[in-house]
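Analysis of the macromolecular model
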Amino acid sequence: MRNNEIAMVGVPMDLGADRRGVDMGPSAIRYASVKEKLAGLGYRVKDLGNLVVPTPESMDAGENKLKYMREITAVSRELAETTDQVVQSGCFPLILGGDHSIAIGSIAGVARHHKRMGVIWFDAHGDLNTSKTSPSGNIHGMPLAISLGWGHPDLVNIGGVSPKLRPEDVVIIGARQLDEGERTLIREQGIHVFTMHDIDRMGMGPVMEEALQIVTDGTDGVHLSLDLDSLDPVDAPGVGTPVAGGITYRESHLAMEILAETGVLTSAEFVEVNPILDHGNRTAKAAVALIGSVFGEKVL
Ligand SMILES: NC(=[NH2+])NCCC[C@H](N)C(=O)O
Ligand SMILES: [Mn+2]
Ligand SMILES: [Mn+2]
């Protein structure tokens, strides 16, 4: 990061998920004082505001295997341009979601600046579905597959080049609910997944060390995509698709602190915060605390 500058972009997207509410994620994260947190750590923060996302009530979902694909494609293209410009201007892109489909656009934009980019994907899910394997038709269950080049051509080709990522440069951490098609893909493509079982056995420290080795090997940039549902619902209840038995508050901070120490991140997004399902904005507060840790906040 040049000049310690961060550019923040909100994407109030909920077309990729079944339940309304994640569109309010960026507001909830701002309300939890993300800007103040980063300013307190010595960063200059530019808030670029929110992209405009259409309201689901005002239109038809279209094809039910790829709900709202047209609208998601349009917003993703715009987000790709925005993140591209942020990197060009020398700032670190910090994207606030919104459902996880926004990763399609943010990765498309930042990937233009890297010959080969690694991705750390914190999630209870794989987000590796295509229209053929998806049980829901919800595009927020597909962004990682799309970034790897698998899926509808309109989505896959956002930003011009496809694939944006190679399977060997991607690490999923916190997985505990995978669909059958995702399991097959993971096995066939050799995608690195640290499940909750692996985290329990190895501990978060060693998991992060292995993960970092994978995403930095041969790459020239690392994107962090953190779905708040990777955390245990006790600490992050405000998510659309909660799954019991997730990453603890402490484990999640350790992971962010290790990322901060290595300084490898070139872009980041925090997604799936749903204030409607939350208690007292706890999930957005957890997101802001994690953002603090990943940007270098320490006790001592
Ligand atoms: N970003 C998320 N929260 N994704 C949840 C996906 C759930 C399920 N695998 C699906 O495809 O519908
Ligand atoms: Mn998820
Ligand atoms: Mn996700």
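Residues numbered from 1 in each chain as written. Chains lettered and ligands numbered in written order. Predicted model: local features only at pLDDT ≥ 70, side-chain atom pairs only at ≥ 80, totals over all residues.

What follows deals with the packing of helix α9 (residues 204-216) against helix α10 (residues 249-262). Axis separation between α9 and α10 bottoms out at 9 Å; the angle between their running directions is 40°. In terms of orientation, α9 lies oblique with respect to α10. The chirality of how α9 crosses α10 is right-handed. Every residue of α10 that contacts α9 at M204, G205, M208 and L212 is listed here: E251, L254, A255, I258 and T262. The residue makeup of the contact of α9 with α10, split by class, is six nonpolar, two polar and one charged. (Axes fitted to C-alpha atoms, helices over the stretch in contact; angles between N-to-C directions. Helix = DSSP H or I, 4+ residues; strand = E, 2+ residues; numbered from the N terminus. Parallel < 35°, antiparallel > 145°, perpendicular 65-115°, else oblique. Left-handed = near helix turned anticlockwise from the far one by under 90°. Contact = placed C-beta atoms within 7 Å. Nonpolar A, V, L, I, M, F, W, Y, C, P; charged D, E, K, R; others polar.)

This brings us to the confidence of the model for the protein chain. When pLDDT is averaged across the protein chain, the result is 97; 99% of the residues are at 70 or more. Scored as a whole, the predicted complex attains pTM 0.98, and scored at its interfaces, ipTM 0.96. (pLDDT = per-residue confidence, 0-100.)

Below, the discussion takes up the site of ligand 1. Neighbouring ligand 1 are 15 residues; H100, H125, S136, H140 and G141 lie closest to it. In terms of residue class, the shell around ligand 1 is built from one nonpolar, nine polar and five charged. (Near = placed C-beta within 6 Å.)

So, on to the pairing of strand β6 (residues 192-195). With four bridges joining them, strand β5 (residues 170-175) and β6 adopt parallel strand pairing. Counterpart to V171 in the pairing with β6 is H192. Chirality of the crossover, the property in question, places the unit of β5, helix α7 (residues 180-189) and β6 among those that are right-handed. (Pairing = 2+ DSSP bridges. Right-handed = clockwise from strand over helix to strand, strands pointing away.)

Turning our attention to the UniProt feature "binding site: Mn(2+)" (unreviewed entry) in the protein chain. Under the present numbering, the feature "binding site: Mn(2+)" (unreviewed entry) in UniProt falls on H100, D123, H125, D127, D227 and D229. Spanning 130 residues, the annotated positions come together in the fold, the maximum distance between their C-alpha atoms being 12.0 Å. The exposure class of D123 is buried, given the 28 C-beta atoms found within 10 Å. Apart from residues no more than four positions distant in its own chain, D123 is found in contact with I172, G174, A175, D227, D229 and S230. Mapping D229 onto the fold places it in the loop between β7 (222-227) and α10. For D229, a count of 29 C-beta atoms within 10 Å translates into the label buried. For D229, the contacting residues outside a window of four places in its chain are D123, A124, A236, V239, T241, P242, V243 and E272. (UniProt positions renumbered as here; feature names shortened; annotations may be inferred. Buried ≥ 20, exposed ≤ 12 C-beta atoms within 10 Å, placed from the backbone.)

The omega torsion of the bond from G97 to G98 falls at 15°, within 30 degrees of zero and hence cis. Structurally, G98 is set in the loop between β3 (92-97) and α4 (103-111). Even without glycine at this site, D127 takes up a positive phi of about 50°. In this structure, D127 sits in the loop between β4 (118-122) and α5 (143-147).

So, on to the pairing of strand β1 (residues 5-11). With six of seven residues buried, β1 is to be regarded as a mostly interior element. As paired elements, β1 and β3 share six bridges and run parallel to each other. Opposite M8, over in β3, you have L94 as the bridge partner.

To continue, consider the sheet that holds strand β2 (residues 44-50). Strand order in the open sheet formed by eight strands is β2-β1-β3-β8-β7-β4-β5-β6, with parallel pairing between adjacent strands. Two strands lie at the open edges of the sheet, namely β2 and β6, each paired on one side alone. Shown here is a sheet whose adjacent strand axes are inclined to one another by a mean of 15°, direction ignored. With five bridges connecting them, β4 and β7 associate as parallel partners. Looking at the pairing, F122 lines up with L226 of β7.

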